[in-house]
Amino acid sequence: MISKKMENMVKNGSAIRAMFEEGKKMAEKYGAENVYDFSLGNPSVEPPIEIKNAINEVLESYKPNYIHGYMLNPGYEEVRDAIAKNINKRFGTNFAAKNIVMTVGAAGGMNVIMKSLLNPGDEVVVFSPYFGEYRSYASNFDAKIVEISPDTSSFQPKLDEFEAKLTDKARIVIVNSPNNPTGVVYSEETIKKIAAILEKKQKEFGAPIYLLSDEPYRELAFDGVEVPYLTKYYNNTIVGYSFSKSLSLPGDRIGYLVIPDEAEDSENIISAAGVATRILGFVNAPSLAQLFVSKCLDAKVDVEIYNRNRELLYNALLEYGYECVKPEGAFYLFVKALEPDDKAFVAKAKEHRLLIVPGSTFGCAGYVRIAYCVDYEMIKRALPEFKKLAEEYGK
Ligand code: PLP
């Protein structure tokens, strides 16, 4: 008999994963080239060549009990040192190895920091639409998700509502920019306003509110748009970074947390994050991945490939009569469904062998997410189906 909590989790499942499974079945039935799977954020661009070279280099420099041994829970000292120096070089910050905790991707990092900070009943504030897994992560620690409703005209955070909904139970506010599912990037001005609200509220409540910057898409930004580094605007910022998308390594499960000295109770949080890494069962982030990514911190995937997909799909969908805020980063389009019920619209799209994800999964009904981290040729083949789908709705 499984636990009550897991019963719910299994029942609600993940709509994205379900769609991915469905895609596989449809490919068997219709042929893979006739199914247009835009459901999963699985990077389509190959990891840069530096990764393969670094893996070989690490393996060749084998030292007994080093690559394969247990280590300190936060990870290899020299890896964390290299990451801290790289962040300092890029963003003018002042971190040291001790501020970095290596994690099992962003998902691992978020669970580690939530385990470290949350008491049951605490609130985790999110801006809709948001990555639906945050609900599960908060639930892991019996915390409550507080949603700020979406501003569908821009998908920028609704700051008045944010201020009004912050209570003395708010312990973590999550921002994710470039955003999954909208692709929007929060400007420096927006970040400053969020920071000012948080400063005011934590003074009022006499307790810290931590801003958790979930950053798997930091490097995937287009048209030269700046993605501000949040620790520079608000002391109680913790960064959750991941190499899953930035270097196309989602299966390697590698990322890190940045816990700055300036964050209130920083030393205790750093210690707690190490212990949380251990007791959540990770023990430490994968050793080989730590070592090879630390040699590739300036490597990049070819973002132009995603940009080309974005331009093709965005322009075509607009032409067919769809509505969408043009994304500035990540690899998703968040498109208004052509009927109020996003799930019904997703089902209609499936009749055209188009696999997309309902916006309600992201706390924003009436929209759908289209992941364009796919082959350019598949997008070209799918466009006539998007057109026919729009025509069915009289567009
Ligand atoms: N946060 C967001 C916004 C994501 O989109 C994802 C993955 O898609 C994650 C976190 C988890 O990423 P990781 O593979 O690094 O655990």
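Residues numbered from 1 in each chain as written. Predicted model: local features only at pLDDT ≥ 70, side-chain atom pairs only at ≥ 80, totals over all residues. Heavy atoms only, no water.

**As for the domain arrangement of the protein chain**
Annotation of the protein chain at the domain level lists domain 1 (4–48 + 301–392) and domain 2 (49–293). On the side of domain 2, 42 residues touch domain 1, which itself brings 30 residues to the contact. Summed over both partners, the interface of domain 1 with domain 2 comes to about 2,800 Å²; 60% of that surface belongs to carbon and sulfur atoms. Seen at the junction of domain 1 and domain 2, the total is two salt bridges. Of the charged contacts in the structure, one is a salt bridge between Arg 310 and Asp 223, with a shortest N-O distance of 3.1 Å. Taken together, the links from domain 1 to domain 2 amount to 16 residue pairs in polar contact (both at pLDDT 80 or more). For the side of domain 1 that touches domain 2, the secondary-structure elements that each account for two or more residues are helix H1 (4–12), helix H11 (303–320), strand S9 (332–336) and strand S12 (367–371). With four residues, H11 is the single largest residue contributor to the side of domain 1 that touches domain 2. Residue classes in the side of domain 1 that touches domain 2 are distributed as 19 nonpolar, six polar and five charged. (Domains from an automatic or database assignment. Contact = heavy atoms within 4.5 Å. Buried area = accessible area lost by both parts, 1.4 Å probe. Salt bridge = Lys/Arg side-chain N within 4 Å of Asp/Glu carboxyl O. Polar contact = N/O pair within 3.5 Å; in protein donor to acceptor, adjacent residues only side chain to side chain. Helix = DSSP H or I, 4+ residues; strand = E, 2+ residues; numbered from the N terminus. Nonpolar A, V, L, I, M, F, W, Y, C, P; charged D, E, K, R; others polar.)

**With respect to a nonpolar patch on the surface**
Residues Ile 2, Met 6 and Val 10 make up a contiguous nonpolar surface patch of roughly 290 Å² in combined accessible area. Inspection of the secondary structure puts Met 6 in helix H1. (Patch = residues over 30% accessible without salt bridge, like charges linked within 9 Å, V, L, I, M, F, W, Y side chains within 5 Å. Areas by Shrake-Rupley, 256 points an atom, 1.4 Å probe, with all protein chains shown as cover.)

**Some remarks on the packing of aromatic side chains**
Scanning the entire structure with this criterion turns up 19 aromatic pairs. Aromatic side chains Tyr 217 and Tyr 332 sit 5.6 Å apart centroid to centroid with 80 degrees between the ring planes, which places their arrangement in the edge-to-face category. Residue Tyr 217 is found in the loop between strand S6 (210–215) and strand S7 (237–242), and its partner Tyr 332 is found in strand S9; the two are separated by 115 residues along the sequence. A residue is classified by how much of its surface remains accessible, and Tyr 332, at 1% relative accessible area, is buried. Taken together, a centroid distance of 6.2 Å and an interplanar angle of 85 degrees make the contact between Phe 334 and Phe 362 edge-to-face. Placement of the pair is Phe 334 in strand S9 and Phe 362 in the loop between strand S11 (357–358) and S12, with a sequence separation of 28 residues. Note on Phe 334: relative accessible area 1%, which makes it buried. Among the aromatic residues, those joined into a cluster by ring pairs are Phe 155, Phe 334, Phe 362 and Tyr 367. Seen from the ring of Tyr 66, Lys 63 lies directly overhead, with NZ or CZ sitting 4.1 Å from the centre. (Phe/Tyr/Trp six-rings, centres within 6.5 Å; stacked < 30°, edge-to-face > 60°. Buried < 20%, exposed > 50% of the residue type's maximum accessible area, 1.4 Å probe, protein only. Lys NZ or Arg CZ within 6 Å of the ring centre and 35° of its normal.)

**Regarding the side chain of Thr 237**
Checked against the element boundaries, Thr 237 lands in strand S7. On the basis of relative accessible area, Thr 237 is assigned to the buried category, the value being 0%. A polar atom in the side chain of Thr 237 sits 3.4 Å from the backbone oxygen of Leu 230.

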